[in-house]
Amino acid sequence: EKFMCYCKTGGGDLSSSISGAESKVPAVGSAIEASEDQLTQAKADFKGAQTDRSSAEASMAEAGALREKEASSFASSKAEYDTNIAAITKAVAALEKGASGSFLQTQ
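Conventions and cut-offs
- Residues numbered from 1 in each chain as written.
- Predicted model: local features only at pLDDT ≥ 70, side-chain atom pairs only at ≥ 80, totals over all residues.
- Heavy atoms only, no water.
- Helix = DSSP H or I, 4+ residues; strand = E, 2+ residues; numbered from the N terminus.
- Buried < 20%, exposed > 50% of the residue type's maximum accessible area, 1.4 Å probe, protein only.
- Salt bridge = Lys/Arg side-chain N within 4 Å of Asp/Glu carboxyl O.

**Here we look at the overall build of the protein**
Looking only at helices and strands, one finds one helix and zero strands in the protein. Within the protein, buried positions represent 2% of all 107 residues.

Written out as structure tokens, the structure is:
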């Protein structure tokens, strides 16, 4: 008797399950196509990001080299200016010390 009940209801359950699955097939197919489109777009975005990153790294390397060159130029100019300032300071001190009374006019 239990088996007979299964035979009567099992066929109906199976056919309703099949019809439900058949109605979902178009939705699943369109979902797969949408996912494939998203994957294609994501791959294109990734390649663009890689290109942008490579370009940014090259720009940073170029800017770093330029900064190093400018820093070297600044350091040499600063050393020269510091030497000149020190020499002028010593010359002024020597002039003040050696010529303190010789420029006075006594007439």
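**Section: the pattern of salt bridges**
Going through the model one piece at a time under the given rule, you end up with two salt bridges. Here R53 ties to E57 by a salt bridge, and the two come within 3.5 Å at their closest N and O atoms. In this pair, R53 and E57 are both assigned in helix 1 (residues 2-98), four residues apart and thus about one turn of the helix distant.

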